[in-house]
Amino acid sequence: MTDYDLVVAGGTVVTASDMYRADVGIVDGRIAAVGTGLRGQRTVDAQGLLVMPGGVDSHCHIEQLQAGGGADEETFITGSTSALAGGTTTVITFSTQFKGHGILKPLAEYRRRAAKAMVDYTFHQIITDATDEVIFNEVPQVVASGVRSLKVFLTYDPLHLDDRQFIRVLAAARRTGALVTVHCENYEAIRWRTAALLADGRTEPKYHAWSRPAVVEREATHRAIALAEMVDQPIQIFHVSCPEVADEIVRARARGLKVWGETCPQYFVLSADHMDRPGFEGAKFMCSPAPRDAAASEGLWKLVRDGVLDVVSSDHSGWSYDSPVGKRANGTGAPFRDIPNGVPGLGSRLPILFSEGVSKGRIDACTFVRLTAFNPSRLFGLYPRKGTIAPGADADLVLWDAAKRVTMTNDLMQHIIDYTPYEGMEVTGWPVTTIRRGEVAMKDGIVQAQPGSGQFLARGPYDMIRPTGNVPFGFDASTFLV
Ligand code: URP
Ligand code: ZN
Ligand code: ZN
């Protein structure tokens, strides 16, 4: 008798807390049992492999709408392909706002585009213009539709918010039960240093790092936390690049604040020196905050072990090196200020973290699962449907060959971007099969999921992001529409 549609048999199941030999029985796309001797209509042999929850990448820029029409080069089809090839089954991407406009229309258009996805997906809502209409009327509708996180930039033209606008977003999130995620860099400090560097003729990509030293990230992180503390609104600090920034999170948590920190593979393996490659080559490694140095990277490992930084996302950004809309959009002689930021990383996130972390003995496999699937799933209200291997959860699994050695190439990434910053990097550990809601979506690098088979994940209220209730003088200013 067969009890299951599919059994993943004989592997080593890894969750955020345990690692043990077991079969996984799947019915109707969900995990029905974890045990031994399970029999199904179909079997996937996982002998010798790790069986981990499919990756949850909670920060990736896919087909993001651009001002003036169009979108990022990476589409939901190519982005999903890269995600599945790299063992990721769920993504959180970004619906945008353009200054002077609302958020409902772009969200509707973005949902239409995302319907082609082959991974499950949900969105963060970017706020770039905190008008009364957006904050009081549209944000509540967007959150009620299941988009339960707001994203703000404290730098970048034309995206950045000033302190007053940021406070209004924090208050709107508190009223509606959403999480706020923050890109922390000081806008004016970067502008000032950039103007001076350009005045001195220092235009090459390497000066991107000079324009935004760690102190500008630390200052903005401190400010974001302080304002969130005043409003009593939980936040996640995006892409923490180094320990001196993470220290702000340590201090906040010691005061009992709900502040979480994310980092990304680029901050473990890239440094400012990569932007000093000859010619325009350094542009391939330009992202914000800028990668720092080897000591900063090594320090991040302790922070992920300690749980200060509890999510590792890709911050996958869809800009090719050679395309007219990509890194060379303003020519190969463009000053660093005019080169699009961001590095691709959807397909490389899990292999890099596993190889540099687990294979090199810096973290164990359970920590890897916590950072890449369990914690993002909990923080963004997707748990227990995503991020774990337990009865009732979606059967999103990655079967991982921990011994497989691979030289990374752009072809293996299967994204639309024409390069990977990790070309030629040797990794140990590789995804060999990805199962999404019980379907084999990738096997041996061949992605076989159908466009449109991904599902939108509407996120309802959840406890983890409930405010603490501690507001200055006991006066909750967020209840007033000001
Ligand atoms: O340089 C980066 N990270 N680009 C993507 C947009 C962002 O800041 O997250
Ligand atoms: Zn950012
Ligand atoms: Zn980003």
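The paragraphs below set out a description of the structure included in this document.

Criteria and thresholds
Residues numbered from 1 in each chain as written. Chains lettered and ligands numbered in written order. Predicted model: local features only at pLDDT ≥ 70, side-chain atom pairs only at ≥ 80, totals over all residues. Heavy atoms only, no water. Patch = residues over 30% accessible without salt bridge, like charges linked within 9 Å, V, L, I, M, F, W, Y side chains within 5 Å. Areas by Shrake-Rupley, 256 points an atom, 1.4 Å probe, with all protein chains shown as cover. Salt bridge = Lys/Arg side-chain N within 4 Å of Asp/Glu carboxyl O. Lys, Arg positive; Asp, Glu negative; His and termini not counted. Charge placed at Lys NZ, Arg CZ, Asp CG, Glu CD. Helix = DSSP H or I, 4+ residues; strand = E, 2+ residues; numbered from the N terminus. Near = heavy atom within 4 Å. Polar contact = N/O pair within 3.5 Å; in protein donor to acceptor, adjacent residues only side chain to side chain. Buried < 20%, exposed > 50% of the residue type's maximum accessible area, 1.4 Å probe, protein only. Donors = N, O, S within 2.8 Å, 3.2 Å for Na, K, Ca; no water. Tetrahedral: all angles 85-135°; square planar, octahedral: opposite > 155°, others 65-115°. Pairing = 2+ DSSP bridges. Right-handed = clockwise from strand over helix to strand, strands pointing away.

**Regarding a negative patch on the surface**
A cluster of acidic residues, Glu204, Asp273, Asp276 and Asp293, forms a negative patch on the protein surface. Positionally, Glu204 belongs in the loop between α5 (187-199) and α6 (207-211).

**A word on the site of ligand 1**
Every residue near ligand 1 is listed here: His59, His61, Phe153, Tyr156, His183, His239, Cys287, Ser288, Asp315, Ser317, Asn341 and Gly342. His183 places a side-chain nitrogen or oxygen 2.9 Å from an oxygen atom of ligand 1. One of the backbone nitrogen or oxygen atoms of Gly342 is found 3.3 Å away from an oxygen atom of ligand 1. Coverage of ligand 1 by the protein amounts to 93% of the 270 Å² it exposes when considered alone.

**So, unusual backbone geometry**
Put simply, Asp157 and Pro158 share a cis peptide bond, and its omega is 0°. Along the chain, Pro158 falls in the loop between β9 (149-153) and α4 (163-176). Here the bond from Ser288 into Pro289 is cis, since omega is -5°, no more than 30 degrees from zero. Secondary-structure assignment places Pro289 in the loop between α9 (266-269) and α10 (294-306). Non-glycine residue Asp28 carries a positive phi angle of around 50°. Mapped onto the fold, Asp28 is located in the loop between β2 (19-27) and β3 (30-35). For Asp28, a relative accessible area of 68% translates into the label exposed.

**Quick look at the coordination of the zinc ion (ligand 2)**
Geometrically, a metal with four donors at the corners of a regular tetrahedron has ideal angles of 109.5 degrees, and one with six donors at the corners of a regular octahedron has ideal angles of 90 or 180 degrees. Bound to the zinc ion (ligand 2) on the protein side are His183 (ND1) and His239 (NE2), at distances that span 2.1 Å. In this structure, the zinc ion (ligand 2) is surrounded by 4 donor atoms whose angles at the metal cover 56 to 143°, and the resulting shape is irregular. Taken as a pair, the zinc ion (ligand 2) and the zinc ion (ligand 3) show a spacing of 3.8 Å. Taken together, the residues His183 in strand β10 (residues 179-183) and His239 in the loop between β11 (235-237) and α8 (243-254) connect sequence positions 56 residues apart.

**Focus on the coordination of the zinc ion (ligand 3)**
Bound to the zinc ion (ligand 3) are the protein donor atoms His59 (NE2), His61 (NE2) and Asp315 (OD), situated 2.0 to 2.1 Å from the metal. The coordination sphere of the zinc ion (ligand 3) comprises 4 donor atoms, whose angles at the metal cover 85 to 126°; the geometry is tetrahedral. In primary sequence terms, the donor set of the zinc ion (ligand 3) follows H-x1-H-x253-D.

**Here we look at the pairing of strand β12 (residues 259-263)**
Burial runs high along β12: 5 of the 5 residues are buried. The two faces of β12 match: Val259, Gly261 and Thr263 on one face and Trp260 and Glu262 on the other face are all buried. Note that β11 and β12 share 3 bridges and pair parallel. Within β12, the position partnered with Ile237 by the bridge is Gly261. The β-α-β motif built from β11, the intervening α8 and the parallel element β12 has right-handed crossover chirality. Where β12 meets strand β13 (residues 309-312), 3 bridges bridge the pair, whose relative direction is parallel. Residue pairing in the sheet places Glu262 in a bridge with Val311 of β13.

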